[in-house]
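Observations on the model geometry
Here's the letter readout for the chains.
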Amino acid sequence: MHTGYKIFDTVTHPTINGKWIDGRSGENFNEFKKTIGRSQIRRACAIGLPNIGGYTHEEFYKKCSEQKKIFAVGAITTNKIQKILKEIELLYSIGFRGLKIHPRLLKHEFSVDELALIFSHCSDLDITVFLCTYYHCKTNIFPTQDPFWVIVNSLKRCPDARVVLLHGGGVRVLEYAELVRFNKNILLELSLTLTKYTGSSIDMDLEFLFSNFDQKICIGSDHPEMNYQRFFNKLDCFFEGLSKQKISNICYRNIEKFLKID
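Residues numbered from 1 in each chain as written. Predicted model: local features only at pLDDT ≥ 70, side-chain atom pairs only at ≥ 80, totals over all residues. Heavy atoms only, no water.

Attention now moves to helix α6 (residues 147–157). Every buried residue belonging to α6 is among P147, F148, V150, I151, V152, S154 and L155, and all of these are buried. For α6, the secondary structure elements touched by its buried residues are α5 (112–124), β5 (128–132), β6 (163–166), α7 (173–181) and β7 (186–189). With a side-chain oxygen lying 2.9 Å from the backbone nitrogen of F148, the N-terminal cap of α6 falls on D146. (Buried < 20%, exposed > 50% of the residue type's maximum accessible area, 1.4 Å probe, protein only. Helix = DSSP H or I, 4+ residues; strand = E, 2+ residues; numbered from the N terminus. Contact = heavy atoms within 4.5 Å. Polar contact = N/O pair within 3.5 Å; in protein donor to acceptor, adjacent residues only side chain to side chain.)

Quick look at the structure:
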């Protein structure tokens, strides 16, 4: 495991009861604190997920607030737009300044109208939206419209919304990167894609982004779905030969600036 740099892990999932997706074992907040304490994690976004690990808004935020290294990201837990807008206000009142939209777990294909309303509401409250861009799943909940263009058209209606595109669009990572390239209010996050496609042409795409898009990307582990050893080993490959400035941009500068963290 490389120890020459510090990471702001943009995607982590400690849970209240330590359970993970499909009832698998994850890490509760106490266990997660020990895990990141043994690694070179500078900070981390703890991202809540709907109906996973005993999630409730209040308890999740409380657990996050107990650890200085953590930026709390609350979960949208409903797929009804009017309830979502009210939930955004609730999240804000609790203290969250980031929220996660997970279409697959919500089993909902968001329309342009719905996503634009969410972006606009979050922009008004200065909340950063963390939007999952990994769509591959069973056909019954697979999108029927191209999610990329849904995002584009939603952002056109609310160009000031601050959005982190989680998982980099998966196998379409370069296409999503080109969207981010021209828009300062969007940041491309590369967890999952970073480790999922090892040995494929996606590795070449990622290497290109690390070399040429260092001011537009950030990185996350997707822990506990991905273990830290594999995450850091993969980073070592992409950081080889990069300047310290580019590495620090990717590791923490971009996301800290984006989230307005001093």
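Let's shift gears to the pattern of salt bridges. Tallied over the entire structure, the rule returns 11 salt bridges. For E256, the salt bridge is made with R42, and the minimal N-O distance between the two is 2.7 Å. Separated by 214 residues along the polypeptide, E256 in helix α11 (residues 244–258) and R42 in strand β2 (residues 41–47) bring together distant segments of the chain. As a salt-bridge pair, R162 and D126 come within 3.0 Å of each other at their nearest N and O atoms. Residue R162 is located in the loop between α6 and β6, and its partner D126 is located in the loop between α5 and β5; the two are separated by 36 residues in the primary sequence. With a relative accessible area of 35%, D126 lands in the partly exposed category. Through salt bridges with shared partners, a single network forms among R42, R43 and E256. (Salt bridge = Lys/Arg side-chain N within 4 Å of Asp/Glu carboxyl O.)

This part takes up the packing of helix α9 (residues 202–212) against helix α10 (residues 228–239). Between α9 and α10, the shortest axis-to-axis distance is 9 Å and the interhelical angle comes to 65°. Regarding α9 and α10, the two cross each other, and that crossing is right-handed. In this structure, α9 contributes D203, L206, E207 and F210 to the contact, and α10 contributes K234, L235, F238 and F239. Taken together, the residues that form the contact of α9 with α10 break down as five nonpolar, no polar and three charged. (Axes fitted to C-alpha atoms, helices over the stretch in contact; angles between N-to-C directions. Left-handed = near helix turned anticlockwise from the far one by under 90°. Nonpolar A, V, L, I, M, F, W, Y, C, P; charged D, E, K, R; others polar.)

A regular strand carries its side chains on alternate faces of the sheet. The two faces of β7 match: I186 and L188 on one face and L187 and E189 on the other face are all buried. Bridging between β6 and β7 involves three bridges; their strand directions are parallel. Bridge pairing in β7 places V164 opposite L187. (Pairing = 2+ DSSP bridges.)

With that out of the way, let us pick up the sheet that holds β7. Sheet architecture is open: eight strands sit in the order β1-β2-β3-β4-β5-β6-β7-β8, paired in parallel fashion. The open sheet has two edge strands, β1 (7–12) and β8 (217–218), and neither has a second partner. Looking at chain direction, strand β4 (residues 98–101) and β5 are connected through four bridges and run parallel. Along β5, the bridge assignment pairs I101 with L131. In the packing of α5 onto the sheet, the strands contacted are β4, β5 and β6, and the crossing angle to β5 comes to about 150°. On the sheet, α7 packs against β6 and β7 and is oriented at approximately 155° with respect to β7.

What follows covers the packing of aromatic side chains. The tally for this structure, following the rule as stated, stands at 12 aromatic pairs. Taken together, a centroid distance of 5.6 Å and an interplanar angle of 55° make the contact between F210 and F239 tilted. Within this pair, whereas F210 is found in helix α9, its partner F239 is found in helix α10, the two being separated by 29 residues in sequence. Since its relative accessible area comes to 0%, F210 is described here as buried. (Phe/Tyr/Trp six-rings, centres within 6.5 Å; stacked < 30°, edge-to-face > 60°.)

Moving on to α9. Residue pairs three or four apart in sequence face the same way in an α-helix, which turns once every 3.6 residues. By the burial criterion, the buried members of α9 are I202, D203, D205, L206, L209 and F210. Down the axis of α9, the buried side of the element spans an arc of 160°, and every buried residue falls inside it. The inward-facing, buried residues of α9 abut α7, β7, α8 (193–196), β8, α10 and α11. (Arc of directions from axis to C-beta.)

Moving on to the nonpolar core. Residues L165, L188, F210, L235 and F239 are the most contacted members of the largest nonpolar core, which totals 88 residues. Not counting residues up to four positions away in its chain, the partners in contact with L188 are L165, G168, V173, Y176, A177, V180, L209, K216, I217 and C218. (Core = buried A, V, L, I, M, F, W, Y, C linked by side-chain atoms within 4.5 Å.)

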